Amino acid sequence: MKKTILSMSVALLFLAGCSKENADTQIEEQSADLVWVYNFEGKLLTKETPPLNGLPSVADATNNRGNGNSAHTHGDFPGVVFSGTENNGGAHGSATASLGPFTFTLETECVMVEGNEAVYGGTITERDGPPPPPGAPFNIGDHVYFKVFDNGQGNNADPDQFHGLTKFSASSLCGVATPSAPGFWPPTIVIPGGPTLNLINDVPAPGSIKVNNN
C-alpha cells in the first residue's frame, strides 16, 4: 500500500549562500500544479513557473524513532530555531520558522532519526504574514517538516547541515517523510531552463544541529 502526496502538499525552497543573480528568487513554493516565487522581502515575483517536479509516492510509515526509545534534535539554521523530542511519553518541543513573508510557530509533532540525520515535524499553532496562496497548507493545524544533519563536534568536524526544502502538508507525514524517504529530500533540484541547485546547505556559524537516538 502506498500513499501519494498531491495538491495539499507544498514545499518552500530556501537557498543559503545564493549568488548575486539568484538573490531575488531564494524562496520557492511548490505544489502539484503551481510554483510561487518570493524574495526575502515577501514580494511575490511570479506564480507562473511550472512545477519543479511532482511530489512522490512513498512506502507506508516506519517507526519515527528508528531503533531507539527516544529521538531528539535541536538547533538553529537560517530562519529556523527548533527543539524536539519524541519518546514513549509522546512528542515534546517547539520551533519557530521564518520563511519568506511568513513566520510559523510550531508544536513538535514527531522526530524521525536515522543515524546523524533527523526530520523534525511540527504542527502550526500560529502564522504571521500575508494571506497564504489559495489551497496552501499554511494554516493552524497544518504540518511542517524539515531535515537536518549533525556532522559532529570539535574543530575538525564538518559543518552541520540543513536541507533546503521545508515541506508543508494538510495531513501528517510522520513516519512517511523520513530522512531516507525516496524522493522527499533530493540532494539537488533542477530549475526548468536554469541551473541544478544543491539543496544540502552548511549551517553558518554560530548555528548548529544536534541529533540523538537512544
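Residues numbered from 1 in each chain as written. Predicted model: local features only at pLDDT ≥ 70, side-chain atom pairs only at ≥ 80, totals over all residues. Heavy atoms only, no water.

A closer look at the pattern of salt bridges
If you walk through the whole model with that rule in mind, you get one salt bridge. Glu 117 is the partner of Lys 147 in a salt bridge, and the nearest nitrogen-oxygen pair spans 3.1 Å. Placement of the pair is Lys 147 in strand S12 (residues 143–149) and Glu 117 in strand S11 (residues 117–128), with a sequence separation of 30 residues. For Glu 117, a relative accessible area of 22% corresponds to the partly exposed category. (Salt bridge = Lys/Arg side-chain N within 4 Å of Asp/Glu carboxyl O. Helix = DSSP H or I, 4+ residues; strand = E, 2+ residues; numbered from the N terminus. Buried < 20%, exposed > 50% of the residue type's maximum accessible area, 1.4 Å probe, protein only.)

Remarks on the packing of aromatic side chains
Each aromatic ring pair is specified by the distance between its two centres and by the angle formed by the two planes. As enumerated under the stated definition, the model contains eleven aromatic pairs in all. Pairing Phe 104 with Phe 138 gives two aromatic rings, centres 5.6 Å apart and planes at 80 degrees, and the pair type is edge-to-face. Note that Phe 104 is positioned in strand S10 (residues 102–114) and Phe 138 in the loop between S11 and S12, a separation of 34 residues in sequence. As far as the burial class goes, Phe 104 and Phe 138 line up, both buried. Centroid distance Phe 138 to Phe 168: 4.6 Å. Interplanar angle 55 degrees. Geometry classified as tilted. In this pair, Phe 138 is assigned in the loop between S11 and S12 and Phe 168 in strand S14 (residues 165–169), connecting sequence segments 30 residues apart. Judged by its relative accessible area of 0%, Phe 138 falls in the buried class. (Phe/Tyr/Trp six-rings, centres within 6.5 Å; stacked < 30°, edge-to-face > 60°.)

Structural notes on the nonpolar core
By size, the foremost hydrophobic cluster in this structure holds 25 residues, and its most contacted members are Phe 77, Phe 82, Leu 106, Phe 146 and Val 148. When residues of this core are traced back to their parent elements, those giving at least two are strand S7 (71–77), strand S8 (80–87), strand S9 (90–99), S10, S11, S12 and strand S18 (208–213). Per-element tally for this core: the top contributor is S10, with five residues. If near-sequence neighbours (up to four positions away) are discounted, Phe 77 is found in contact with Phe 82, Phe 146, Val 148, Phe 162, Val 203 and Ile 209. Core analysis: the next-biggest nonpolar cluster, separate from the first, contains 15 residues, Leu 165, Leu 173, Trp 185 and Ile 189 among them. (Core = buried A, V, L, I, M, F, W, Y, C linked by side-chain atoms within 4.5 Å. Contact = heavy atoms within 4.5 Å.)

Some thoughts on the state of the cysteines
Counted according to the given criterion, the structure contains one disulfide. Across the disulfide from Cys 110 sits Cys 174; the S-S distance is 2.1 Å. Handedness here is read from the sign of the S-S torsion; for Cys 110 and Cys 174, about -90 degrees, the answer is left-handed. Of this pair, Cys 110 sits in strand S10 while Cys 174 sits in the loop between S14 and strand S15 (188–190); the two residues are 64 residues apart in sequence, bridging distant segments of the chain. (Disulfide = S-S within 2.5 Å.)

Looking at the confidence of the model for the chain
Overall, the prediction assigns the chain a mean pLDDT of 75, with 67% of residues at 70 or greater. Per-element mean pLDDT across the chain ranges from 34 in strand S1 (residues 2–4) up to 97 in S11. Segment residues 1–9: pLDDT under 50, and 26 contacts once partners within four positions in sequence are set aside and those in other chains are kept. Every residue in residues 14–63 scores below 50 in pLDDT, and together they form 126 contacts with partners more than four places removed in sequence or on other chains. (pLDDT = per-residue confidence, 0-100.)

Considerations on unusual backbone geometry
Across the junction of Ala 205 and Pro 206, the peptide omega takes the value 10 degrees, indicating a cis bond. In this fold, Pro 206 is placed in the loop between strand S17 (200–202) and S18.

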